[in-house]
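Coordinate inspection notes
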Amino acid sequence: MPTKFMVGTEQGTIISCNRKGKTPAEKIVNVFPGHLGPVYALQRNPLFPKNFLSVGDWTARIWSEDIKDSSIMWTKYHMSYLTDACWSPTRPAVFFTTKMDGTLDVWDFIFKQNDPCLSVQVCDEALYSVKVNEAGRYIACGSQMGVTTLLELSDGLYSLQRNEKSLVTAMFERETRREKILEARNREIRLKEKERKEGSKGGDEADDRSKDRENLEQELIQKAEKDFSELMQEEQKSAEEERTSRPASAAKASPEPTGDDEGAGDEPQE
């Protein structure tokens, strides 16, 4: 039995717990804000256990254990209520969600982040559960009336893509770093508001501290933008190098015509 586990509450809060904790503070490790309504699904990424997926209200969210105040990635708000979700066991960038309108959505956030890469109308009633087999090829959906529908996925949705793990790692690290910077900024803003409420006791010193914090915020934002642009440039450069290396390797593999081959096709002259 695992010692660490996570639970979602009806109030939308996600709690990370430890069975071996002796004090209440050790038993409840982290508390995440979660969703606006009850949490219906909660699962760790099978290849990146520090990141987990949750479903509640009208969105699905991806979290990191290093960030407590906000999720690092999330879907758009849907018109229909989300009911369940699960990760693909073979592809770390793919997860599945079900909705009250009977739709199954397949998400691949390397290919597309704002919309699902595939939506299937499984039935006309609400879907309440979804489960993928260990090979990642077959997916089962359970409806409100107890009907189970088995679907077979295409090869591209369950076969691990080239450099997928490194791309997912870079994306999770980038989004986690961005949220950390935003957390630091929010803490500074809250501290500034608290000092304002306390009044003008410090006078000029409080003004100097507020200016210093504003400068610090600008430096953090500029550093985040610089890191983000450098990371995107590196990814684009690696993608271009990969594209240029393919035709070069193909050219090396094709033999060049020799003089004998050119003369073999000539017709004898009379």
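See the structure shown above.
About the thresholds
- Residues numbered from 1 in each chain as written.
- Predicted model: local features only at pLDDT ≥ 70, side-chain atom pairs only at ≥ 80, totals over all residues.
- Heavy atoms only, no water.
- Helix = DSSP H or I, 4+ residues; strand = E, 2+ residues; numbered from the N terminus.
- Buried < 20%, exposed > 50% of the residue type's maximum accessible area, 1.4 Å probe, protein only.
- Contact = heavy atoms within 4.5 Å.
- Areas by Shrake-Rupley, 256 points an atom, 1.4 Å probe, with all protein chains shown as cover.
- Pairing = 2+ DSSP bridges.
- Phe/Tyr/Trp six-rings, centres within 6.5 Å; stacked < 30°, edge-to-face > 60°.

Here we come to the overall build of the chain. Regarding its fold elements, the chain presents five helices and 14 strands. The buried share of the chain, taken over its 270 residues, is 36%. Pairs at least 24 apart in sequence give 46% of the contacts found in the chain among residues at least 6 apart. Summing over all exposed atoms, the chain offers an accessible surface of approximately 17,100 Å²; the carbon and sulfur share of this is 51%.

So, about unusual backbone geometry. Positive phi outside glycine occurs at Asp57, with the angle close to 45°. As for its placement among the helices and strands, Asp57 is situated in the loop between β5 (51-56) and β6 (59-64). Not every positive phi belongs to a glycine, and Asn163 is a case in point at roughly 60°. Here Asn163 is to be found in the loop between α2 (155-158) and α3 (164-198). Look at Asn163 and you get partly exposed, because its relative accessible area is 41%.

In spatial order, the strands read β4-β5-β6-β7; together these four strands make up an open sheet with antiparallel pairing. Of all strands in the sheet, those with a lone pairing partner are β4 (39-44) and β7 (73-74), marking the two edges. The pairing of β5 with β6 spans six bridges and is classified as antiparallel. Paired with Val55 across the strands is Ala60, a residue of β6.

With that settled, consider the pairing of strand β10 (residues 103-108). Sheet faces and side chains relate simply in a regular strand, where the side chains alternate between the two faces. Counting buried positions along β10 yields six of six residues, so the element is predominantly enclosed. Going residue by residue along β10, you find Thr103, Asp105 and Trp107 tucked away on one face and Leu104, Val106 and Asp108 tucked away on the opposite face as well. Where strand β9 (residues 94-99) and β10 come together, five bridges link them in antiparallel fashion. The residue bridging Val94 from the neighbouring strand is Asp108, located in β10. Taking the residues between adjacent antiparallel strands as the criterion, β9 and β10 are bridged by three residues, where Gly102 takes a positive phi near 85°. As paired elements, β10 and strand β11 (residues 118-121) share four bridges and run antiparallel to each other.

Before going further, it helps to examine the packing of aromatic side chains. One pass over the full model with this rule turns up nine aromatic pairs. A ring pair is formed by Tyr40 and Tyr81, whose centres lie 6.0 Å apart and whose planes are at 75°; its orientation type is edge-to-face. Of the two residues, Tyr40 sits in strand β4 while Tyr81 sits in the loop between β7 and β8 (82-87), which places them 41 residues apart along the sequence. Between Phe95 and Trp107, the aromatic rings sit 6.0 Å apart at their centres with planes inclined by 5°, giving stacked as the arrangement.

Both strand β12 (residues 127-132) and strand β13 (residues 138-143) contribute to a ladder of five bridges, which runs antiparallel. The partner of Ser129 across the bridge, within β13, is Gly142. Connecting β12 to the next strand, β13, in antiparallel fashion are five residues, including Gly136 with a positive phi near 80°. Two strands pair when backbone bridges link them, and β13 and strand β14 (residues 148-152) are joined in this way by five bridges, in the antiparallel orientation. Within the sheet, the bridge partner assigned to Ile139 lies in β14 and is Leu151. Between β13 and β14, which pair antiparallel in sequence order, lie four residues; one of them, Gly146, sits at a positive phi of approximately 85°.

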